[in-house]
Amino acid sequence: MLLIGIILTVLAYIASLYFSKKIKVSFLNPILIASLIIVSIIHWTPLSHETYANGGEYIVKILGPLVVVLAVPLYNNKHILKKYYKPISVGILTGVISSAVSVAILSRLMRLDMDIMLSLLPKSITTPMAIEVSGIIGGIKELTVVFVVITGMFGASIGPLVFDVFKIRNDTAKGMALGAGAHGVGTAKAVEISDQAGAASSLAMILCGVTTIILSVIVIKIL
Amino acid sequence: MPQKNREKIEKKYKTLDSRFYYFIEKCGDICNEIIYNLINVNTDIEGDKMKIIKEILIILGIYYSGLLISDLISGLFFIPGNIIGMGILFFLLNTGIVKIDHIKHTSSFLLKHMGFFFIPLGVAFYVLFDVIRPVWIQIFVVLIVSSIFVMAATGKIVELFILNEDKKEVS
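Presented here is an overview of the structure given in this document. Note that the coordinates shown come from a computational prediction; the quantities given were computed from them, not determined experimentally.

Criteria and cut-off values
- Residues numbered from 1 in each chain as written.
- Chains lettered and ligands numbered in written order.
- Predicted model: local features only at pLDDT ≥ 70, side-chain atom pairs only at ≥ 80, totals over all residues.
- Heavy atoms only, no water.
- Helix = DSSP H or I, 4+ residues; strand = E, 2+ residues; numbered from the N terminus.
- Buried < 20%, exposed > 50% of the residue type's maximum accessible area, 1.4 Å probe, protein only.
- Contact = heavy atoms within 4.5 Å.
- Areas by Shrake-Rupley, 256 points an atom, 1.4 Å probe, with all protein chains shown as cover.
- Buried area = accessible area lost by both parts, 1.4 Å probe.
- Salt bridge = Lys/Arg side-chain N within 4 Å of Asp/Glu carboxyl O.
- Polar contact = N/O pair within 3.5 Å; in protein donor to acceptor, adjacent residues only side chain to side chain.
- Expected span 1.5 Å × (residues − 1).
- Core = buried A, V, L, I, M, F, W, Y, C linked by side-chain atoms within 4.5 Å.
- Axes fitted to C-alpha atoms, helices over the stretch in contact; angles between N-to-C directions.
- Parallel < 35°, antiparallel > 145°, perpendicular 65-115°, else oblique.
- Left-handed = near helix turned anticlockwise from the far one by under 90°.
- Nonpolar A, V, L, I, M, F, W, Y, C, P; charged D, E, K, R; others polar.
- Phe/Tyr/Trp six-rings, centres within 6.5 Å; stacked < 30°, edge-to-face > 60°.
- Lys NZ or Arg CZ within 6 Å of the ring centre and 35° of its normal.

### Focus on the overall build of chain B
Looking only at helices and strands, one finds seven helices and zero strands in chain B. Secondary structure elements of chain B, listed N to C terminal, follow the sequence α-α-α-α-α-α-α. Among the 171 residues that make up chain B, the fraction classed as buried is 33%. Put simply, 39% of the contacts in chain B that link residues at least 6 apart link residues at least 24 apart. Accessible area of chain B: about 11000 Å², with a carbon and sulfur share of 67%.

This is the structure in structure tokens:
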């Protein structure tokens, strides 16, 4: 019973890699395709979500050690951090604060519920860290994951247009914006622009995540 | 060609039992090929097995020490254990105690296939969709407007600061 969830996830993931290789649409990311495959299986066959989740739980547990490994890209791009520490630290603070403030104001305007707003808040940071933040501030983790994935796909595909409209030409700035706004999917897009943009993007992605976690801990402590 | 092949196979695998093993073997080969082509992982590694176990042990060790530290300081301040673990690994890489080569295979594999570990959470959305069904348009508006705002603000400010810095360097 336990194995069903794990095997199904592996098969769906392999199928989604196959599809995304074949279709070559950059914003369709494997998480979305694989989730859709499994959801349709749950919907159309007697397999219940509980049975699936029994095995799926063990896959999600590996997310803990996964964050540790994020130190590797941070270490690999250390030289950029040294060269541009001022622009990068300002950019990260801008990214984190603009994301939190815009989500808070917009959700208030749209009259969204408190727990939906809390799940929306970490939408711009990388998924394993977003889950942590969601847990700290009291959001719903499953909703956060979906919001993060949608933000990544949307941000990465609209990024180049935003750079055109706001006349952002510097590669490091583009990379930072993609990393701060669209985390992993944005980083994949930034690598296509140039190596420099890719490195800046992965730095921004990780540092924004860490900053958001620390800020959320402080905010929760104060309140 | 198929006839010849069949004879060969039948010679090699005379009984039904061994034919079954042949089938399994073939399936294994096909699976290996598919996995290798899609995920770029060689599942045939023999000598490297110990190395990969070592890599996993290093990462797990750092993760659990991060959890331990997080537990110890939780009275003062809550920081998630895996973030502390990330800090420890970054520190160890900088001091050269752990080298990139020590964790190369496992880390590149995990970073490349990060998406895989989120699939169960994405599926759980199916159960939760009823919660957001009445407000999903509003949520979409929030997501879209906010991510455009974040990218424009971050990009513009970073560019201004970088141009400033480069000007200083020139003069």
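There is more to say, and it comes next.
### Concerning the overall build of chain A
The secondary structure content of chain A amounts to twelve helices and zero strands. The secondary structure elements of chain A, listed N-terminal to C-terminal, are α-α-α-α-α-α-α-α-α-α-α-α. Among the 223 residues that make up chain A, the fraction classed as buried is 57%. Of all intrachain contacts in chain A linking residues separated by at least 6 positions in sequence, the fraction that spans at least 24 positions is 62%. About 9600 Å² of surface is accessible on chain A, with carbon and sulfur atoms providing 69% of the total.

### Digging into the interface of chain B and chain A
Between chain B and chain A, the residue contacts involve 73 residues of the former and 92 residues of the latter. With both sides pooled, the region where chain B packs onto chain A buries about 7800 Å², and carbon together with sulfur makes up 83% of that total. Between the two partners, chain B and chain A, sit zero salt bridges. For the pair chain B and chain A, the interface holds ten residue pairs in polar contact (both at pLDDT 80 or more). Listed by contribution, the elements that provide at least two residues to the side of chain B that touches chain A are helix 2 (16–39), helix 3 (49–72), helix 4 (81–95), helix 5 (100–112), helix 6 (119–132) and helix 7 (136–170) of chain B. Of all the elements, helix 7 of chain B adds the most residues to the side of chain B that touches chain A, at 27 residues.

### Here's the deal with the side chain of A:Ser107
In this fold, A:Ser107 is placed in helix 7 (residues 85–109). Apart from the residues within four sequence positions on either side, A:Ser107 is in contact with A:Leu112, A:Met117, A:Leu120 and B:Val142.

### Here's the deal with helix 1 (residues 2–23) of chain A
Since the α-helix advances by 3.6 residues per turn, residues separated by three or four positions end up pointing in the same direction. Along its 22 residues, helix 1 of chain A runs 32 Å from first to last C-alpha, staying within 8% of the 32 Å computed at 1.5 Å per residue. Every buried residue belonging to helix 1 of chain A is among A:Gly5, A:Leu8, A:Thr9, A:Ala12, A:Tyr13, A:Ile14, A:Ser16 and A:Leu17, and all of these are buried.

### Things to note about the nonpolar core
Of all hydrophobic cores here, the largest spans 81 residues; its most connected members are A:Met129, B:Met86 and B:Leu89. In this structure B:Met86 touches A:Val67, A:Val68, A:Leu70, A:Ala71, A:Leu74, A:Met129, A:Ile206 and A:Val210, once residues within four positions along its chain are discounted. A:Leu106, A:Leu120, A:Phe147 and B:Leu143 belong to the second-largest nonpolar core, a separate cluster that totals 16 residues.

### Some details on the packing of helix 3 (residues 49–61) of chain A against helix 6 of chain B
A pair of packed helices is characterised by two quantities: the angle between their axes and the separation of those axes. Interaxial distance between helix 3 of chain A and helix 6 of chain B falls to 9 Å at its minimum, and their mutual angle equals 150 degrees. It follows that helix 3 of chain A is roughly antiparallel to helix 6 of chain B by the angle criterion. Note that helix 3 of chain A runs across helix 6 of chain B; the crossing there is left-handed. Along its contact with helix 3 of chain A, which presents A:His49, A:Tyr52, A:Gly56, A:Ile59 and A:Val60, the element helix 6 of chain B presents B:Ile119, B:Pro120, B:Leu121, B:Val123, B:Ala124 and B:Val127. Residues that form the contact of helix 3 of chain A with helix 6 of chain B fall into these classes: nine nonpolar, two polar and no charged.

### Quick look at the packing of aromatic side chains
According to the stated counting rule, one finds five aromatic pairs over all chains in the structure shown. The interplanar angle of 65 degrees and the centroid separation of 5.3 Å between the aromatic rings of A:Tyr13 and B:Phe116 together place this pair among those described as edge-to-face. Linking A:Tyr13 in helix 1 with B:Phe116 in the loop between helix 5 and helix 6, this pair reaches from one chain into another. Among the residues examined, B:Phe116 registers a relative accessible area of 13% and is labelled buried. Pairing B:Phe116 with B:Phe117 gives two aromatic rings, centres 5.2 Å apart and planes at 80 degrees, and the pair type is edge-to-face. Side by side, B:Phe116 and B:Phe117 carry an identical accessibility label, which is buried. Ring pairs connect the aromatic residues A:Tyr13, B:Phe116 and B:Phe117, which therefore count as one cluster. Over the ring of A:Tyr58 we find A:Lys61, and its NZ or CZ is 4.9 Å from the ring centre.

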